[in-house]
Amino acid sequence: MSTVLKVNSITQRFGGLVALNNINMYVDDREIVGIIGPNGAGKTTLFNIITGMYEPTSGKVELAGQDITGKKPYVIAAMGFARTFQNIRLFGKMSVLDNVIVGMHTRTKANLIDAIFHTKRKYREKKECEEKAEKYLELLNLWDLRHEYANSLPYGCQRRLEIARALATEPKLLLLDEPAAGMNDRETDELLEIIKKLKEMGKTILLIEHDMKFVMNICERIYVLNYGELIAEGTPFEVRTNQKVIDAYLGKEE
Ligand SMILES: Nc1ncnc2c1ncn2[C@@H]1O[C@H](COP(=O)(O)OP(=O)(O)OP(=O)(O)O)[C@@H](O)[C@H]1O
Ligand SMILES: [Mg+2]
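Please read these numbers as outputs of a predicted model, since none were measured by experiment. (Residues numbered from 1 in each chain as written. Chains lettered and ligands numbered in written order. Predicted model: local features only at pLDDT ≥ 70, side-chain atom pairs only at ≥ 80, totals over all residues. Heavy atoms only, no water.)

Student: Report on the environment of Gly 37, specifying residues and quantitative values.
Tutor: When you line up the elements, Gly 37 lands in the loop between β3 (32-36) and α1 (43-50). Classification of Gly 37 as buried rests on a relative accessible area of 0%. Expressed as a C-alpha distance, the spacing of Gly 37 and Phe 81, which sit 44 residues apart in the sequence, is 23 Å. Ignoring sequence-local partners within four residues, the contact set of Gly 37 consists of Lys 43, His 210, Leu 225 and Tyr 249. (Helix = DSSP H or I, 4+ residues; strand = E, 2+ residues; numbered from the N terminus. Buried < 20%, exposed > 50% of the residue type's maximum accessible area, 1.4 Å probe, protein only. Contact = heavy atoms within 4.5 Å.)

See the structure below:
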């Protein structure tokens, strides 16, 4: 099995704060891996480093064996990472379908000349984009809503739309930052079923999530961060029964 993501000794300081201290982790091809940890543990910071939004104080990030540390976010995205954000970031006044198509733009080949002269290539690419976007909307149970404005969708659907948009770029690794946050039980269960489907399709996913039921249900392996330290890693069972993890969640002082 090949390794898609490798995080090597990543440290991130913000002034005097050590947001991440010497973190090592990996994600293999076709794995669903979780990151959990209390608020402020450094989870989103790690995503920001992986996707090139922050340059780490030290350490290295590899995507499919290539060193991508310090590369620009758009370069990294084009190399095969796609993410969703902790807070919804959609184009509210655009249709659901267009929100997905916009996300695919980094990957299309049509250039400025094509855009101006409406060449055949441009037309063909537009068609392909639409078909692909519709495929992912169907997968996320959003196809019926494809012509609606994004901001008219219920909250749970908006969160799924973000995932559809990220998936449509066909990334090597999909990063989800709290995909179930704010969802009710029914929406969470629906999302769980969708992620199970993605797993069957062979997608590789790294997800941050507070909802324990969700994480324990879907992840093969879990990393636990607390105050910037990696305090545990292992299967859901190993993590759930780890004393350090239990203490971190109960807020016990060391
Ligand atoms: N750009 C920044 N500048 C300064 N401090 C930051 C910055 N980004 C994050 N931090 C700090 O780093 C720590 C980790 O934040 P981070 O957002 O990664 O936590 P998190 O685990 O995602 O928490 P949550 O579960 O609340 O989303 C926090 O103390 C936060 O205030
Ligand atoms: Mg966060």
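Student: If you had to explain unusual backbone geometry to someone new, which residues and values would you point to?
Tutor: Positioned with a positive phi, Arg 30 is a non-glycine residue whose angle comes to about 70°. Of note, Arg 30 is situated in the loop between β2 (17-28) and β3. Even without being a glycine, Asn 141 presents a positive backbone phi close to 55°. For Asn 141, a relative accessible area of 39% puts it in the partly exposed group.

Student: Give a detailed account of the coordination of the magnesium ion (ligand 2), specifying residues and quantitative values.
Tutor: Protein coordination at the magnesium ion (ligand 2): the donors are Thr 44 (OG1) and Gln 86 (OE1), at 2.0 to 2.3 Å from the metal. Linking Thr 44 in helix α1 with Gln 86 in the loop between β6 (81-83) and α3 (96-103), this pair joins segments that are 42 residues apart in sequence. Relative accessible area serves as the criterion here: at 34%, Gln 86 is assigned to the partly exposed category. (Donors = N, O, S within 2.8 Å, 3.2 Å for Na, K, Ca; no water.)

Student: Provide a residue-level description of the environment of Asp 189, including the pertinent values.
Tutor: Tracing the chain through its elements places Asp 189 in helix α7 (residues 185-200). Taking the C-alpha atoms as reference, Asp 189 lies 8.2 Å from Phe 214; in sequence the two are 25 residues apart.

Student: Can you tell me about the nonpolar core, naming the residues and giving the values?
Tutor: One finds Leu 161, Ile 195 and Leu 207 to be the most contacted residues of the largest nonpolar core, which totals 48 residues. Broken down by element, the residue count for this core peaks at six residues, all from helix α6 (residues 155-167). Residues lining this core come from more than one domain, with at least three contributed by each of domain 1 (1-80 + 171-254) and domain 2 (90-169). If we ignore the near neighbours within four places in the chain, the residues touching Ile 195 are Ile 32, Leu 176, Ile 205, Leu 207, Phe 214 and Ile 218. Counting residues in each nonpolar core, the second largest holds 27 residues, with Ile 23, Met 25, Ile 35 and Leu 225 among its members. (Core = buried A, V, L, I, M, F, W, Y, C linked by side-chain atoms within 4.5 Å. Domains from an automatic or database assignment.)

Student: Explain a nonpolar patch on the surface residue by residue, including any values.
Tutor: Together, Phe 14, Leu 17, Met 53 and Tyr 54 line one region of the surface with nonpolar side chains, adding up to about 370 Å² of accessible area. Tracing the backbone through its elements, the reader meets Leu 17 in strand β2. Using a relative accessible area of 52% as the deciding quantity, one classes Leu 17 as exposed. (Patch = residues over 30% accessible without salt bridge, like charges linked within 9 Å, V, L, I, M, F, W, Y side chains within 5 Å. Areas by Shrake-Rupley, 256 points an atom, 1.4 Å probe, with all protein chains shown as cover. Salt bridge = Lys/Arg side-chain N within 4 Å of Asp/Glu carboxyl O.)

Student: So, the packing of α6 against α7: which residues are in play, and what are the values?
Tutor: Packing of α6 against α7 leaves a shortest axis separation of 10 Å and a crossing angle of 15°. In this view, α6 runs roughly parallel relative to α7, as classed from their interaxial angle. Remark: the crossing between α6 and α7 carries right-handed chirality. Residues Gly 156, Arg 160, Ile 163 and Leu 167 of α6 form the contact with α7, whose own contacting residues are Glu 187, Glu 190, Leu 191, Ile 194 and Leu 198. When its residues are assigned to classes, the contact of α6 with α7 shows five nonpolar, one polar and three charged. (Axes fitted to C-alpha atoms, helices over the stretch in contact; angles between N-to-C directions. Parallel < 35°, antiparallel > 145°, perpendicular 65-115°, else oblique. Left-handed = near helix turned anticlockwise from the far one by under 90°. Nonpolar A, V, L, I, M, F, W, Y, C, P; charged D, E, K, R; others polar.)

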